[in-house]
Amino acid sequence: MKTVLEARNINKYFKKPVLFHVLKNISFKVRQGEFVSIMGKSGCGKSTLLYILSTMDTDYEGQLFLNEELVTGENREKLSHIRNKYIGFVFQFHYLLSEFSVLENVMLPAKKLGEKSPSQIEEAAMEKLRILGIEHIAQKRASRISGGEKQRVAIARALINDPVIIMGDEPTGNLDSYNAENVFNIFKDLSDNQGLSLLVVTHDKDFADKTDRIIEMGDGEIIG
Amino acid sequence: MINWKVILNIAKTHLLTKIKQTAIAALGVTFGIGSYITLVSFMTGLNKMLDDLILNQTPHVHIYNEIEPSKKQPIAFYEEFKNSFNVVHSIKPKQSQKKIHNALPIIDYLEKNEHVRGALPQIKTQIFYIAGSIEIGGNLTGIDIMQEVEFFNFKDYVVKGTPEALKNTNNGILLGSGIAEKMSLGIGDRVQISTISGEIFPLKIVGLYQSGIADLDNIQSFANIKTVQRILGEAENYITDINVKLHTIEDALPLAQKIEQQFQLKAIDINTANAQFETGSNIRNLITYAVSITLLIVAGFGIYNILNMLIYEKMNDIAILKATGFSGKDVQLIFMSQAVIIGIVGGILGLILGFILSSVIDNVPFETEALPLIKTYPINFDFFYYMVGISFAMVSTFFAGYLPSQKAKKIDPVDIIRSQ
Ligand SMILES: Nc1ncnc2c1ncn2[C@@H]1O[C@H](COP(=O)(O)OP(=O)(O)OP(=O)(O)O)[C@@H](O)[C@H]1O
Ligand SMILES: [Mg+2]
């Protein structure tokens, strides 16, 4: 199986307020179609790692590969493009542009990518909303929908450019068990049927147990 | 690759959802540009009016015979004193006549020059106006009235009567309005004038002349060239001045120099004669621009503030956009386009406001003794100033938007996401 994401000896320090070695020699791989979860105590560095893996944070040591290509050291313009095309990110807090409609929120990354025509983009966006069972709220303002709906809109947005990997930082953290279950099933389906890789930080043991592999973190290190 | 459609769409949505702030920022620009247009139209209108007042009646080149001491005194012709130091006391002007020798051939010659629109003969002479026991000193100028009308807008200064009446009346005179008032004379009356040598002639008043410059109107009158020649007892080729009007004012200096050389006459070009005039116009322009720039800077700070505020409110949006693949440059362009849109909309409204205000001023009555021609405040509707205005609006909003947008460009999405 092809490797989609690889971290090699990633180290990160926070220099303020005191020098703090937050990530220590993190190395692992995620293969195509694999559903991986990351678990660990609060404050062990999971979010920090995810920001590095998603190319938003460039202040680290070590190497990061995406699709077997080195992305460490690329310029910001290129990194933006990589995030846009290859990585979908789902936050714990549903991050949507509140003044835009649900549909527009989902379409925005595709419009930025500019590989499809506007009508194709709209069609694709509606398709993703349908997969997530929320096509009926497509025209609603993003600020006027429920938290669970927002989370699913964020997932639809992460999917719009057909990325190779989806990263989530506690994507079910704010959802009730029914909606959490629902999101898990969506992820599972995407990884099984569409060959999408997933890397999800979670505190939910039941959720993690159902994934292909669990990465245990403690104090900035991988412990299992 | 910049996807303008997406960027402008986001910019538009931001502006529309914050319509109040947008409107305030745009109104600042509108106010600045509107005042600029109004001020500059009014000021340049005023300048132009004052310029016209002088320049229309001023020939581009004025040719006459200056009474001045000979540059080469007789002693310089003596070979014997060539190497000695000569002192000449009490130099007197050379016995010379005011008459331009060969005036008519010179006029013919000038009119053949392609730069020249017209060369007009004049006779200037000192006279006294006599009404009963009053005797007032003054100037009488003999002119070719119809040509003066054609080339020097003379008609504008004939406030009563018509130029044609002078042309058709043999012993007619266009009396200066100041004198007419002093002597209680009007059209149809007769005025006695006396030459320096003492002869007295009655002339019929066919009109009143008013230049708007009181000192001039108190002494100056006009008559036909022939009339003046007859009064002075001179022949038909007696001409004291030639006024030249050119196609372009820039040719005035070279032509004047050429004439001085060629004919040994005094030739003054308009720029030399009215150098002090430019200074006044320049200072008025300076004030106009100083005020307008101040207004625009204030408007610029308004935009700067509002964009800063907007960016602060939109931190989350910026983080989301960056996390989903928009580059720092894209985000910067989103906010820059907001500034420029505010600039364009506010600027265009400002042009309209300026146009309306100056139209209103243009219709406000403004009547003054000094300016017989002017009925309303002068406004200069020059399209050029509208171009300057809109460019100004865009440049100033561009700079006002630049710093905040630069800040937005540098925002680190991780910081924002973490702080949730
Ligand atoms: N900007 C920063 N400067 C200094 N220290 C930081 C900064 N951001 C995070 N930290 C510290 O780094 C450590 C790791 O933080 P991180 O957010 O990655 O934890 P986490 O594993 O995601 O925790 P949680 O499960 O609560 O989300 C924490 O101890 C935190 O205090
Ligand atoms: Mg975290």
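No experiment lies behind these values; they were computed from the predicted model shown.

A. Layout of the confidence of the model for chain A. Taken as a whole, chain A shows an average pLDDT of 92; of its residues, 100% reach a score of 70 or greater. By mean pLDDT, the top-scoring element of chain A is strand β4 (residues 61-66) of chain A (96), and the lowest-scoring one is helix α6 (residues 177-194) of chain A (89).

B. Highlighting the packing of helix α3 (residues 102-113) of chain A against helix α1 (residues 4-17) of chain B. Between α3(A) and α1(B), the least distance of the axes is 9 Å, while the angle of their chain directions is 145°. With respect to the hand of their crossing, α3(A) and α1(B) are arranged in left-handed fashion. Residues E104(A), L108(A), K111(A) and K112(A) of α3(A) form the contact with α1(B), whose participating residues are V6(B), N9(B) and I10(B). For the contact of α3(A) with α1(B), the residue count by class is three nonpolar, one polar and three charged.

C. Spotlight on the site of ligand 1. Among the 14 residues in the neighbourhood of ligand 1, the closest are listed as S42(A), G43(A), K46(A), S47(A) and T48(A). Neighbouring residues of ligand 1 are not confined to a single chain but are spread across chains A and B. Contacts to ligand 1 include G43(A), whose backbone N or O atom sits 2.8 Å from an oxygen atom. At a separation of 3.0 Å, an oxygen atom of ligand 1 approaches a polar backbone atom of G45(A). In isolation ligand 1 offers 640 Å² of accessible surface; the protein chains occlude 67% of this area. Elements represented by at least two residues in the shell around ligand 1 include exactly β2 (20-31) and α1 (46-53) of chain A. In terms of residue count, the dominant contributor to the shell around ligand 1 is α1(A) (three residues).

D. Local environment of the sheet that holds strand β10 (residues 221-222) of chain A. Residues and elements named next belong to chain A. Spatial strand order, β6-β7-β8-β3-β9-β10: six strands in an open sheet with mixed pairing. In the strand order of this sheet, the two ends are held by β6 (87-90) and β10, each with one partner. When strand β3 (residues 35-40) meets strand β8 (residues 197-201), the two strands line up parallel, connected through four bridges. Paired with I38 across the two strands is V201, which belongs to β8.

E. A look at the nonpolar core. Judged by nonpolar contacts, the single largest core of 79 residues is most densely connected at L5(A), F28(A), L53(A), I165(A), L199(A) and F335(B). Among all residues touching I165(A), those that are not within four sequence positions of it are V4(A), L5(A), V30(A), L66(A), Y86(A), I87(A), G88(A), L196(A), S197(A), L198(A) and L199(A). Counting residues in each nonpolar core, the second largest holds 41 residues, with A119(B), L175(B), A256(B) and A267(B) among its members.

F. A look at the interface of chain B and chain A. Each partner contributes to the interface: chain B provides 30 residues, whereas chain A provides 25 residues. Of the roughly 2500 Å² buried between chain B and chain A, counting both surfaces, carbon and sulfur atoms make up 61%. Contact with chain A buries surface across chain B, with I320(B), I417(B) and R418(B) losing the most and accounting together for 22% of the total. Counting across the interface, chain B meets chain A through two salt bridges. The residue E99(A) makes a salt bridge to K314(B) at a minimum N-O spacing of 2.5 Å.

G. Spotlight on the layout of surface pockets. Residues and elements named next belong to chain B. Counted as a void, the largest pocket has a volume near 860 Å³. Taken together, 36 residues line the largest pocket, and the ones lying closest to its centre are Q57, P59, H62, Q122 and K124. Counted by class, the lining of the largest pocket contains 17 nonpolar, 13 polar and six charged residues.

H. A look at helix α12 (residues 315-323) of chain B. Residues and elements named next belong to chain B. α12 sits mainly inside the fold: seven of its nine residues count as buried. Among all positions in α12, only D317, I318, A319, I320, L321, K322 and A323 are buried. A positive phi of about 110° marks G325, the residue just after α12.

I. Here's a closer look at the domain arrangement of chain B. According to the domain assignment, chain B contains domain 1 (4-55 + 277-419) and domain 2 (61-70 + 97-269). Inter-centroid distance (C-alpha atoms) of domain 1 of chain B to domain 2 of chain B is 52 Å.

J. Highlighting the side chain of N11(A). Residue and element names in this part refer to chain A. Mapped onto the elements of the fold, N11 is located in strand β1 (residues 3-14). Judged by relative accessible area, which is 10%, N11 ranks as buried. Residues within four places of N11 in sequence aside, it is in contact with H21, L23, K24, N25, Y60 and E61.

Reading the values: rules and limits
Residues numbered from 1 in each chain as written. Chains lettered and ligands numbered in written order. Predicted model: local features only at pLDDT ≥ 70, side-chain atom pairs only at ≥ 80, totals over all residues. Heavy atoms only, no water. pLDDT = per-residue confidence, 0-100. Helix = DSSP H or I, 4+ residues; strand = E, 2+ residues; numbered from the N terminus. Axes fitted to C-alpha atoms, helices over the stretch in contact; angles between N-to-C directions. Left-handed = near helix turned anticlockwise from the far one by under 90°. Contact = heavy atoms within 4.5 Å. Nonpolar A, V, L, I, M, F, W, Y, C, P; charged D, E, K, R; others polar. Near = heavy atom within 4 Å. Polar contact = N/O pair within 3.5 Å; in protein donor to acceptor, adjacent residues only side chain to side chain. Areas by Shrake-Rupley, 256 points an atom, 1.4 Å probe, with all protein chains shown as cover. Pairing = 2+ DSSP bridges. Core = buried A, V, L, I, M, F, W, Y, C linked by side-chain atoms within 4.5 Å. Buried < 20%, exposed > 50% of the residue type's maximum accessible area, 1.4 Å probe, protein only. Buried area = accessible area lost by both parts, 1.4 Å probe. Salt bridge = Lys/Arg side-chain N within 4 Å of Asp/Glu carboxyl O. 1 Å grid on protein atoms, 1.4 Å probe; cavity = no way out; pocket = protein on both sides within 12 Å on 5 of 7 lines; lining within 4 Å. Points joined across faces, edges and corners; volume = space filled by probe spheres on them. Domains from an automatic or database assignment.

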